[in-house]
Amino acid sequence: MENKLYGYVGKIARINLSEQTVESIPTSRYVPKYIGGRSVCNKIFWDEVRPGTKAFDPENKLIYMTGPTTATGIPTGGRTVFTGISPNSWPEQYTWSGIGGWFGAELKFAGYDGFILEGKAEEPTYLYIEDDKINFLPAAPLWGMLVHPAQKKLEEIHGKGVKSIVIGPAGENLMRNATITTSNDNVAAKGGFGAVLGSKNLKAITIRGTGAVYPADIKKLFELRKKMGEPYMRPSPVIREEIHGMDQNTIPVEGGWLRGQVACSHGCNQHCCRLMMNMKSAFSDERINQVEKCVGIFAYGFQQDCSWTPIMSFETEQNHFLPCKMLSMEMPEIDMSDPYMPQLFEKVPGDTVNYWKPDFDKGSVMMDMCNEYGIDKWDVIVWFMTWLSMAKKEGLLDDLDFGMEVDVENEEFVRYFLDMITYRKGKYGPIFAEGMARAIRTLGKEKFGDTIYKGRFSQVIPGKRLDIPVSLETAWGHSYHWQGRGFEGSIPKAGWIATSLELMTSTRDCQTVEHHHQKFEEYLQFREDPCHSPVLVEGVIMNQNKAELKDSVTSCEWQSPDLFWPEMEAEAFTAATGIPMTEGELDEAAERSRLLFRAILMRNFGRDRDMEVNAVFPTMQYPDPWGETVTWEDWNDLVDLYYEKRGWDIRTGWPTRKTFERFGLKEVADELESAGKLPVPVVQPDNVTKIDKMRN
Amino acid sequence: MEEKNTRTYGNHIVQYSPDYSFCAGCTSCEVVCTLTRDGLVSPCHNRIFVDRDNRSMIHTVFACQQCADHPCYVACPKKDEAMKIDENNIVYIVEEACIGCSLCAKACVFTPTRINMVKSADKAKRKAKKCDLCRTRPEGPACVEWCPVRCIGLSDKSTATPLPKEVK
């Protein structure tokens, strides 16, 4: 028994699609130093992928990892992660994309903690993993299929109970925001990794595992099941709703619609996803059920942006809860004795944007097409469609002949447009299949990206028109998300300063996993002058490190961070693996993973201070709902504070040797030094750091 | 439902109507079953099954119906040693004696079978896994106790409640 492996199952498969070979790598090569999940992926990518590699090159490696809690029964452990060079990032960079479902657990039952996909199959291929045997099979029967039919076909071929990930036509056609999708419509979306699978001629991976995963401490595990996320433990009936949406997006639905709540991943004690029943399908007369997460609500109607309440980001011990409980409408009762209660729940209305009127069926069709084609819904709802709406209203599309009149309120046009870009039809299909960031630049960014839309109005300052560009691009080829403008823009300056700093040091919209949380009392300390606050910087670093752990241990965006139970991830890790781990030690592991991510960006993609400040700063020059922006000086002061706190050189944004070595990454520092990318630390003349000065 | 009208069953695990509680498909019941009974998580050890419909997301939970005439017990070549009947007429498996022949699983009148089989290259590790309502557990069936949405419970009748047509 003493040799039994807990949490992990012990091996990672290196799958070479060009050679059709499989090599088994011991997971112990990477853990516990690199924890699991994204942290292991970072290490593998650092070791194996050279600078100059592009997203669609066979040399790009798509790395998939579970975490030590996956398939142990620890809630949220079913979340897993892909990493690789993202075709959807602008410019192409290394990124990650989380995914739930049952695939990761099944992989562990088959005996693998993860896999590395490398090379490119000669012909369309899919993988069938049956316990430790990995088979390369021709994908001819699957190629061209929509997502759900492909999932079903794999069950027909290999039997019910197999767990699969597939790409749809968008991935096959190298659409840069193509998803990888599980059978329950969980997606790895933000990286565009569906297109990387397509570039490797890999349609699907399907698994049947019959083995077991052994958690180390079952008593503790049950304690965690009882405590994590405060599980509902009450009946959750199917509910007939009379309306859909909220605020100006509200739609009365004739006859009502049925809502259920479903879980996203294996063994979780939450049911965060909304199931919309008997909805209109884009592909058949038969009604379908659709899984919806938060952004999906806007497919149905988008006249007003999402409203915000401070409790979504800033919390007290008396009043804090998982954000997913707002979608499932299962929030705990408000603790009225909380002195901050009125402020915590004060609703800030979203801007009026008038993108499209509510239309229940059209929204359903849009969702279904995204699901079946395998396209990132976020990009479609928040970027493609909003751009079409705004660009048309500003008269920018008069000279562009799509072959059909642009009208985002017309279901037929939505179908036509999504079909056009997925299958790269006509003159504009191939342009938009490259994703909005690239399409805008092909068309001409000044006109098609930066023209101001005159239809955005603040509801904080009623009647005030606010400038916003027709393309809701923020940084790294992604659209705004909790950044004070664009989608979910009603967060005040102190909030969007924090989220923008998180974005600046990332390679994608990171708010799906680094959604900023901080204690309300801390927020009160920095809300007047966020750019000069060590408290805000520490909050950003905490959120970033916790995000690293979410994708490594694993946990999820809805579960973590719990500001009032910071040891949660360490307790979960130890319960799964039996390896003692304190919160501090796990935070060090997160910092190490983050440093590796930084090192990859520096070595492979030329990341430095100039690059990232210039990527994020311009998009903060459009006003937030209060008319606020940030000055160049203030932003750079904040960046100084952040770099200093991280132990990075403030001139270059590169971590110092001392910082790398502090976290056991001497060899990384050595390699960066050889590449001329290790800064020489500059000591402040008075030996007092900026952050010390701010604190004093 | 697969049960034959002529059969009678003992108290067993049932899935409630979605009007009462809708199965979230989380498979916590399967996971908790194997954690409680076997100290692990595995798709070959669970004694309760979530038949996931990944298109409709309407999932069906099933477990042993505790047939009154217990055909699994009848088929067992090591009955009263590997498979026994307790004072409540519940058939349970004594794993140390089970030889993993799977005759009990094949004898189950339901499709798919309500008896799981541990798969292993090592014949000695092949065992049958059947719901016995956690007969020795003071709190009762672990799956019922830990279902986060309370969509399963013990029957007070001998048939499961069918899903309403509307959400099928």
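Residues numbered from 1 in each chain as written. Chains lettered and ligands numbered in written order. Predicted model: local features only at pLDDT ≥ 70, side-chain atom pairs only at ≥ 80, totals over all residues.

Colleague: If you had to explain the overall build of chain B to someone new, which residues and values would you point to?
Modeller: The helix and strand tally for chain B stands at four helices and eight strands. Element order for chain B, N to C, with α for helix and β for strand: β-α-β-β-α-β-β-α-β-β-α-β. Relative to its 168 residues, chain B shows a buried fraction of 45%. Long-range contacts, defined as pairs at least 24 residues apart, comprise 62% of the intrachain contacts of chain B with a sequence gap of at least 6. (Helix = DSSP H or I, 4+ residues; strand = E, 2+ residues; numbered from the N terminus. Buried ≥ 20, exposed ≤ 12 C-beta atoms within 10 Å, placed from the backbone. Contact = placed C-beta atoms within 7 Å.)

Colleague: Which residues make up the overall build of chain A, and what values do they have?
Modeller: A tally of regular secondary structure across chain A gives 25 helices and 22 strands. In summary, chain A has a C-alpha radius of gyration of 24 Å against a globular reference of 26 Å for 696 residues, a match within 12%. Seen through its C-alpha atoms, chain A measures out along the principal axes to roughly 70 × 65 × 55 Å. Each of the 696 residues in chain A was classed as buried or not, and the buried ones make up 59%. Sequence separation of 24 or more characterises 69% of the internal contacts of chain A that already satisfy a separation of 6 or more. (Rg over C-alpha atoms; globule rule 2.2 N^0.38 Å.)

Colleague: With reference to specific residues and values, describe the interface of chain B and chain A.
Modeller: In this complex, chain B contributes 30 residues to the contact, which on the side of chain A involves 39 residues. In terms of residues, the side of chain B that touches chain A owes the most to one element, helix α1 (residues 28-38) of chain B, which gives four residues. In terms of residue class, the side of chain B that touches chain A is made up of 17 nonpolar, nine polar and four charged. (Nonpolar A, V, L, I, M, F, W, Y, C, P; charged D, E, K, R; others polar.)

Colleague: Help me get a handle on the pairing of strand β2 (residues 21-26) of chain A, residues and values and all.
Modeller: Residue and element names in this part refer to chain A. Bridge count between strand β1 (residues 11-16) and β2: six bridges; the pairing is antiparallel. Bridge pairing links Ile-12 to Ile-25 in β2. Connecting β1 to the next strand, β2, in antiparallel fashion are four residues, including Gln-20 with a positive phi near 55°. (Pairing = 2+ DSSP bridges.)

Colleague: Break down the sheet that holds strand β5 (residues 93-99) of chain A for me, citing the residues and quoting the values.
Modeller: Residue and element names in this part refer to chain A. An order of β2-β1-β6-β3-β4-β5 is seen for the six strands of this open sheet, with the pairing classed as mixed. Looking at which strands have only one partner, the edges of the open sheet turn out to be β2 and β5. Going across the sheet, the axis of each strand differs from the next one's by a mean of 15°, ignoring polarity. Here strand β3 (residues 62-65) runs beside strand β6 (residues 114-118); their pairing, made up of four bridges, is antiparallel. (Axes fitted to C-alpha atoms, helices over the stretch in contact; angles between N-to-C directions.)

Colleague: Describe the domain arrangement of chain A, listing the residues and the values that go with them.
Modeller: Residue and element names in this part refer to chain A. According to the domain assignment, chain A contains domain 1 (11-208) and domain 2 (492-557 + 582-695). On a C-alpha basis, the centres of domain 1 and domain 2 stand 29 Å from each other. On the domain 2 side, the residues contacting the 30 residues of domain 1 number 23 residues. Those elements giving two or more residues to the side of domain 1 that touches domain 2 turn out to be α1 (37-48), β4 (80-86) and β5. (Domains from an automatic or database assignment.)

Colleague: Describe the packing of helix α18 (residues 534-553) of chain A against helix α20 (residues 583-605) of chain A, with residues and values.
Modeller: Two numbers describe a pair of packed helices, the interaxial angle and the distance between the axes. All names here are of chain A. Between α18 and α20, the least distance of the axes is 9 Å, while the angle of their chain directions is 90°. Here α18 lies roughly perpendicular to α20, going by the angle between them. Packed against α18, whose contacting residues are Gln-544, Asn-545, Glu-548, Leu-549 and Ser-552, the element α20 presents Leu-586, Asp-587, Ala-590, Glu-591, Ser-593 and Arg-594 at the interface. A per-class count over the contact of α18 with α20 returns three nonpolar, four polar and four charged. (Parallel < 35°, antiparallel > 145°, perpendicular 65-115°, else oblique.)

Colleague: Got a sec to walk through helix α22 (residues 632-646) of chain A? Specific residues and values, please.
Modeller: Residue and element names in this part refer to chain A. Between its terminal C-alpha atoms α22 stretches 21 Å, which fits the 21 Å expected from 15 residues at 1.5 Å a residue. Of all the residues in α22, the buried ones are Trp-635, Leu-638, Val-639, Asp-640, Leu-641, Tyr-642, Tyr-643 and Arg-646. Looking one or two places after α22, you find Gly-647, whose phi comes out positive at around 85°. (Expected span 1.5 Å × (residues − 1).)

Colleague: Tell me what's going on with helix α12 (residues 411-422) of chain A, and back it up with residues and numbers.
Modeller: Residue and element names in this part refer to chain A. A rise of 1.5 Å per residue sets the reference length of α12, with its 12 residues, at 16 Å; its end C-alpha atoms lie 17 Å apart and thus fit the reference within 8%. For α12, the set of buried residues is Val-414, Phe-417, Leu-418, Met-420, Ile-421 and Thr-422. Packing partners of the buried residues in α12 comprise α4 (169-172), α10 (360-373) and α13 (429-432). Two residues or fewer after α12 comes Arg-424, characterised by a positive phi angle close to 55°.

Colleague: Tell me about the packing of helix α6 (residues 218-227) of chain A against helix α19 (residues 568-577) of chain A, and name the residues and values.
Modeller: Residues and elements named next belong to chain A. Two elements in contact, α6 and α19, have axes whose closest approach is 8 Å; the angle formed by their N-to-C orientations is 145°. For the pair α6 and α19, the sense of crossing is left-handed. Between α6, through Lys-220, Leu-221 and Leu-224, and α19, the contact on the second element is made entirely by Glu-571, Ala-572 and Ala-575. Class assignment of the residues belonging to the contact of α6 with α19 gives a composition of four nonpolar, no polar and two charged. (Left-handed = near helix turned anticlockwise from the far one by under 90°.)

Colleague: Go over the nonpolar core, please, and point to the residues and values.
Modeller: Counting residues in hydrophobic clusters, the biggest one holds 241 residues, and the most contacted among them are Phe-82 of chain A together with Cys-143 and Ile-152 of chain B. The dominant element in this core, judged by the number of residues it contributes, is helix α11 (residues 377-393) of chain A, at 11 residues. Each of two domains, domain 1 (11-208) and domain 2 (492-557 + 582-695) of chain A, supplies a minimum of three residues to this core. Ignoring sequence-local partners within four residues, the contact set of Cys-143 of chain B consists of Ile-13, Cys-29, Val-32, Cys-33, Ile-48 and Ile-152 of chain B. Met-83, Val-91, Cys-104 and Ile-115 of chain B belong to the second largest nonpolar core, which has 12 residues in total. (Core = buried A, V, L, I, M, F, W, Y, C linked by C-beta atoms within 7 Å.)

Colleague: Can you explain unusual backbone geometry? Please cite residues and give values.
Modeller: Residue and element names in this part refer to chain A. Here the bond from Val-31 into Pro-32 is cis, since omega is 5°, no more than 30 degrees from zero. Locating Pro-32 in the fold gives a position in the loop between β2 and α1. You will see that Asn-201, though not glycine, has its phi angle at about 60°, which is positive. Even without being glycine, Met-233 reaches a positive phi, approximately 50°. With respect to the helices, strands and loops of the structure, Met-233 is situated in the loop between α6 and β13 (239-244).

Colleague: Could you give an account of the sheet that holds strand β10 (residues 180-182) of chain A, with specific residues and numbers?
Modeller: All names here are of chain A. Overall, mixed pairing links the six strands, which are arranged β8-β7-β12-β9-β10-β11 in an open sheet. Lying at the two open borders of the sheet, with one neighbouring strand each, are β8 (133-138) and β11 (187-188). Pairing geometry for β10 and β11, over two bridges, is antiparallel. Paired with Thr-181 across the strands is Val-187, a residue of β11. On the sheet, helix α3 (residues 147-158) packs against β7 (125-130), β9 (163-166), β10 and β12 (202-208) and is oriented at approximately 45° with respect to β12.

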